[in-house]
Amino acid sequence: MTQTAPQSESDTQPLSSPSKRWRQHPWWVRYLTYLGAFLALLIATYAFFDIRGRMRWKEYFKADLNSDGEWPSLSELIKDKPTDDCFWNDQFIQDLIASRVDLSDIESVIRSTEPTFEWTSQSSTKVPGVLWPAAQKQDLSLFTGATLTRTEAAEKFLTASSALQPEWNQLRSSTLKPATTHPWTLGSVDEMMRAIPFDVFLKIQRYLQITALARIEIGENDLALEDALTSLELSRQLQHEGLLINHLVCSSFLRSLYQVLWEGTNARVWNDSQLQKLDRALSQIQTDSFREILERESAFSSSYAKEKVDGFFQRWDFYGSDMAWKAEPLVVFPPLVTEFLSFFPSASPVRSSGNDLDALNRLFLASLPKGISMENGIFSHRLSKRTLLNPSLPLAERIDREQDAIDATLLPDLRDPRRIEVVIPYGPYLRFYSDSQLWIQIARVALAAERYRISNGEYPEEWSDLVPEWLPEVPEDVWANPGTKLRYQLDADDRPVIYSVGENGVDDGGVPHNAREKGDLVWRYSLPSGYTVDDYLK
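Quick caveat, the model's predicted, so the values are computed rather than measured.

*Asks:* It is not clear to me how the overall build of the protein should be interpreted in this structure. Could you clarify?
*Replies:* Secondary structure summary: the protein contains 22 helices and three strands in total. Residues counted as buried form 49% of the 538 residues belonging to the protein. For the protein, the accessible area works out to roughly 26,400 Å², and carbon and sulfur atoms hold 53% of it.

Have a look at this one:
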C-alpha cells in the first residue's frame, strides 16, 4: 500500500489576495511603482494637451493663415519697407536712439540752467482732447518753488531750453524724410523689442507740446506752428511701425498735440495758409486698420514664441528676464491657480513690475505644454473675429463682448486648458485706437471751421457750409450707429461745438464728462452754460 507524502504547511494555506501579495514587496519598490504610475499619468496628460493643441492649431489655421498653419512673418505684413534715405536710417535719429544726443535727456539739459525745472503733471489731461481754460492754469507751472505767471513761465522755459535748439532743428529735418517701418522689423526678436526707446520719444512729444504752448503764450506763433508740425511729422513716422505699441505711441503724440491746436485756434493766432499746413499734415496720418495691426501683433507674438518660449529651458530663461514683461501675450495666473499657490509662502502671482519671477512661478510657466498656448491662440483668434473685428456689431458692444468672454474663461475649470492661461484683452486698445481716429477728424473739422471764419467773418452754421469746399466730407462717428456722422453746432458764443456721442452711444448735446458711460467726446471753446470743470470730474 502506497503512502502519500504529507503536504507542507505552505501548500495547505490558501492563496493570498493581490493586495496582500503587493504589501509583501519592500516599501521602496511600492513607492517607486506609485511614483512611476503618477509620472506616467502626468506625462500622458501633458502629451494629450500638447498634441491636441498642436493638431487643433494646424487644423484651424490652415484656412486662415497658410498650409503650414503658421502666422505669416512680419516682413510679409509690412507695407513700407525701410529704405536707405528713410527716417530711421537718418544719422541723427540713430544717434538719438543710441542716446548720443541731448534730446535723449531733455530734463537734465534744462535743469543744468534751471535746477527747479520739472515736468508738470497735467491734471488737465483728464479732459480728453480739448482742455478748458479753467483747467489750463497749471500747464506752464514748470518750476518748483516759483510763483510765475503763464507768460513768465513760458519765457523762462524757452530761455532754459534754447541750448537744445540745434538738436531740434536737426529733428525737424529728419522728420521730413520718407516714412517707413524701422529696419528692426526684419531683424531678430530681441532687436524688435529694444530698438525704439519709447520713453525718449514720449519726452520729445511732451517737450514739443510745452514749447509750442509757451511760444503761443508769448506770441511766437510761427515757431509754435513749426513745433506742432514737427510733432505731426513724428507721428507720421511712427504710424508706419509694425506693432501695436508703436501705434499707441503715435496716438499719444497726437493727443498731446490737440491742446496746442486748441490753444492756437482758440486764440486765433494762425492765418489761413498756416491752418492749411496743419490740416495737410493731419490728413497724411493714415493709420492702418485695427485688423491689420492685430495681424501684425499676432505674427510678432508667434515669432517671439518660436525664438524665446518654444521649449522648457527657453521658457525658464525667458520668464526669469525683464524681457518677459515686454512681450504679449503673457501667461498670468487665474484665480484658481492663485488660490492654490497661496498655500505656499514662497509663491506669489505673476508680477508685471519687471522683477524676476520666483522659482515656483517660473517653473509653472515653463512647464506648460505648448499645445495649451496654441489652444489659447485659437480662442483669442476666434474671439477677435467674433467681437472686435465683427463689423455687424456696434463698436462699444464689440469691446464689451470680448471682455465678457474673457471674464468667463477665468472661472475655474481644469477640463478646459484655456483656464490655465489668461487671454490678453485687446478691447482697450481698440477703444484707444478708435478715439484717436476720431480726434484726427474732429481736429480737422475745427481747422476747417477756423479757415471758414477767416474767409467769411463768422463760423459755419452747419455741415453744408464746410463740405466740400473746406472739408472733403462729413466724418463718421464710429461710436454711433453705422452711417451716423459727427455732430456740429454753434454754442451760445457762436463758436463751433464738434463732438462724437462717445462710447455710451447717447447724444448728450456736446456735454463732456470724465466717465466713458456719460457725456460726449467733444471739442468746444467754452463750457456749456452753468457747467464747470468740477462737474466734468464728478
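*Asks:* Whenever I open this one, helix H12 (residues 244-267) confuses me. Can you help?
*Replies:* End to end, H12 covers 35 Å across 24 residues, agreeing with the expected 34 Å (1.5 Å per residue, within 8%). After H12 finishes, the residue Arg268 shows a positive phi value of roughly 55°.

*Asks:* How do you make sense of the pattern of salt bridges when you look at a structure like this?
*Replies:* Side chains that carry opposite charge are capable of pairing whenever their charged atoms lie near each other. With the rule as written, the count across this model stands at 16 salt bridges. Put simply, Arg215 and Asp227 hold a salt bridge, and the shortest N to O gap is 3.0 Å. One end of the pair, Arg215, is in helix H10 (residues 198-218); the other, Asp227, is in helix H11 (residues 221-238), with twelve residues separating them in the sequence. By relative accessible area, which is 9% here, Arg215 ends up buried. The buried category is assigned to Asp227, whose relative accessible area is 3%. Asp272 serves as the salt-bridge partner of Arg451, at 2.9 Å between the closest nitrogen and oxygen. Residue Arg451 is found in helix H20 (residues 427-456), and its partner Asp272 is found in helix H13 (residues 272-283); the two are separated by 179 residues along the sequence.

*Asks:* Can you walk me through the nonpolar core in this structure?
*Replies:* When a protein is soluble and globular, its nonpolar side chains tend to lie buried together. In this structure, Phe157 and Trp523 are the most contacted members of the largest nonpolar core, which totals 93 residues. The leading source of residues in this core is H20, at 14 residues. Ignoring any residue separated from it by four or fewer positions in sequence, one finds Phe157 in contact with Ile110, Phe117, Leu142, Phe143, Tyr207, Ile210, Thr211 and Ala214. One finds Trp57, Phe61, Met374 and Ile378 within the second-largest nonpolar core, a separate group that totals five residues.

*Asks:* Looking at this structure, how should I read the pairing of strand S1 (residues 487-490)?
*Replies:* Sheet topology note: the S1/strand S2 (residues 496-500) ladder contains four bridges and is antiparallel. Opposite Gln489, over in S2, you have Val497 as the bridge partner. Counted along the chain from S1 to the antiparallel partner S2, the turn is five residues long, and its residue Asp494 has a positive phi close to 60°.

*Asks:* Can you help me understand the packing of H11 against H13 in this one?
*Replies:* Each pair of packed helices can be summarised by the angle the axes make with each other and by the distance between the axes. In contact at an axis separation of 10 Å, H11 and H13 are set at 10° when each is read in the N-to-C sense. With respect to H13, the axis of H11 lies roughly parallel. Contacts between H11 and H13 involve Asp222, Leu225, Ala228, Leu229 and Leu232 from the first element and Gln274, Lys277, Leu278, Ala281 and Leu282 from the second. Within the contact of H11 with H13, the residues separate by chemical class into seven nonpolar, one polar and two charged.

*Asks:* Looking at this model, I keep getting lost on the confidence of the model for the protein. Mind explaining?
*Replies:* Low pLDDT marks stretches whose predicted atomic positions should not be read closely. In the predicted model, the protein carries a mean pLDDT of 77, and 72% of its residues have values of at least 70. The model gives residues 121-139 a pLDDT under 50, and that stretch makes 48 contacts with residues more than four places away or in other chains.

*Asks:* Would you mind going over the packing of aromatic side chains with me for this structure?
*Replies:* Given two aromatic rings, one states the distance between the centres and the angle between the planes to describe the pair. The final tally for this structure, using the stated rule, is 14 aromatic pairs. Each ring, one from Tyr31 and one from Tyr34, has its centre 6.3 Å from the other, and the planes form 85°; the classification is edge-to-face. With Tyr31 and Tyr34 both in helix H3 (residues 27-64) and three residues apart, this pair spans about one turn of that helix. For Tyr31, a relative accessible area of 53% corresponds to the exposed category. Where Phe290 meets Tyr433, the ring centres are 5.5 Å apart and the plane angle is 50°; that geometry is what we call tilted. Here Tyr433 lies in helix H20 and Phe290 lies in helix H14 (residues 290-308), a separation of 143 residues in the sequence. Residue Tyr433 is classed as buried on the basis of its relative accessible area of 15%. The ring of Tyr525 is capped by Arg495, whose NZ or CZ atom sits 4.2 Å from the centre of that ring.

*Asks:* Is there a simple way to think about a nonpolar patch on the surface in this case?
*Replies:* A contiguous nonpolar surface patch, about 1,200 Å² in accessible area, is contributed by Trp27, Trp28, Tyr31, Leu32, Tyr34, Leu35, Phe38, Leu39, Leu42 and Ile43. Position of Leu42 relative to the elements: it lies in helix H3. For Leu42, a relative accessible area of 48% corresponds to the partly exposed category.

*Asks:* Help me out: how do you make sense of the sheet that holds S2 in this one?
*Replies:* Each strand in a sheet pairs with another by means of backbone hydrogen bonds, the pair being arranged parallel or else antiparallel. Reading across from one edge, S1-S2-S3 is the order of the three strands in this open sheet, with antiparallel pairing throughout. In this open sheet, the two strands that pair with only one neighbour each are S1 and strand S3 (521-524). Averaged over all pairs of adjacent strands, the angle between strand axes in this sheet comes to 15°, irrespective of strand direction. As paired strands, S2 and S3 are joined by four bridges and run antiparallel to one another. By the bridge assignment for S3, Tyr499 is matched with Val522. Relative to S3, H20 is tilted by about 20°, and along the sheet it contacts S1, S2 and S3.

*Asks:* Would you mind going over unusual backbone geometry with me for this structure?
*Replies:* Excluding glycine, a negative phi dihedral is what most residues carry, and trans is how most peptide bonds are arranged. In this structure, the amide linkage connecting Val467 to the following residue, Pro468, adopts the cis form with an omega of 5°. The topology assignment puts Pro468 in the loop between helix H21 (463-466) and S1. For Ser99, which is not a glycine, the phi torsion comes out positive at approximately 60°. In this fold, Ser99 is placed in the loop between helix H5 (91-97) and helix H6 (106-111). For Ser99, a relative accessible area of 49% translates into the label partly exposed.

*Asks:* Is there a simple way to explain the environment of Leu395 in this structure?
*Replies:* In this fold, Leu395 is placed in helix H19 (residues 395-408). Among the residues examined, Leu395 registers a relative accessible area of 7% and is labelled buried. Along the backbone, Leu395 and Val478 are 83 residues apart, and their C-alpha atoms lie at a distance of 7.0 Å. Not counting chain neighbours up to four residues away, the residues in contact with Leu395 comprise Leu430, Ser434, Val478 and Trp479.

*Asks:* What is the right way to read the side chain of Ser231 from this model?
*Replies:* Residue placement: Ser231 occurs in helix H11. Here Ser231 falls in the buried class, since its relative accessible area comes to 3%. Once residues within four sequence positions are removed from consideration, Ser231 is found in contact with Leu208, Phe253 and Leu257.

*Asks:* Explain the environment of Leu213 to me, please; I cannot follow it from the model alone.
*Replies:* Mapped onto the elements, Leu213 comes out in helix H10. Between the C-alpha atom of Leu213 and that of Ala228, which follows or precedes it by 15 residues, the distance is 9.6 Å. For Leu213, the residues in contact, after removing those within four places along its chain, are Gln259, Val260 and Glu263.

Procedures and definitions
- Here the residue index of a chain counts from 1 through its sequence in written order.
- With the structure being a predicted model, the display of local features is reserved for residues of pLDDT at least 70 and the display and counting of side-chain atom pairs for 80 or more, all residues being used for whole-chain, interface and lining totals.
- Each side-chain value is derived from all of the structure's non-hydrogen atoms; neither hydrogens nor water enter the calculation.
- For helices the rule is a DSSP run of H or I covering at least 4 residues; for strands it is a run of E covering at least 2, with both sets numbered from the N terminus onward.
- The cut-offs for exposure are 20% and 50% of the maximum accessible area for each residue type, with area from a 1.4 Å probe on protein chains only; residues under the lower value are buried, those over the upper are exposed, and the others partly exposed.
- Note that accessible areas follow from Shrake-Rupley with a 1.4 Å probe, and for residues the cover is restricted to the protein chains shown.
- Between the first and last residue of a helix there are one fewer steps than residues, each counted as 1.5 Å, and that sum is the expected span.
- In the sections that follow, a salt bridge refers to a side-chain nitrogen of Lys or Arg positioned within 4 Å of a carboxyl oxygen of Asp or Glu.
- In plain words, nonpolar cores are sets of buried Ala, Val, Leu, Ile, Met, Phe, Trp, Tyr and Cys residues tied together by side-chain atoms within 4.5 Å.
- It only takes one pair of heavy atoms within 4.5 Å for two residues to be counted as in contact.
- Any two strands with at least two DSSP bridges between them are considered paired.
- To get an axis, fit a line to the C-alpha atoms, keeping to the stretch in contact for a helix; angles then go from 0 to 180 degrees between the N-to-C directions.
- If an angle is under 35 degrees, it is roughly parallel; if it is over 145, roughly antiparallel; if it lies from 65 to 115, roughly perpendicular; otherwise it is oblique.
- In the scheme used here, Gly and all other residues not listed as nonpolar or charged are polar, with Ala, Val, Leu, Ile, Met, Phe, Trp, Tyr, Cys and Pro taken as nonpolar and Asp, Glu, Lys and Arg as charged.
- Each residue carries a pLDDT score, the predictor's confidence in it, ranging from 0 to 100.
- Paired rings are identified among Phe, Tyr and Trp, the last through its six-membered ring, by centres lying within 6.5 Å, and are further divided according to the angle between planes into stacked (under 30 degrees), edge-to-face (over 60) and tilted (the rest).
- Whether a charge lies above a ring is judged from NZ of Lys or CZ of Arg, which has to be within 6 Å of the ring centre and within 35 degrees of the ring normal.
- Nonpolar side chains (Val, Leu, Ile, Met, Phe, Trp, Tyr) within 5 Å and like charges within 9 Å form the patches, drawn only from residues with over 30% relative accessible area and no salt bridge.

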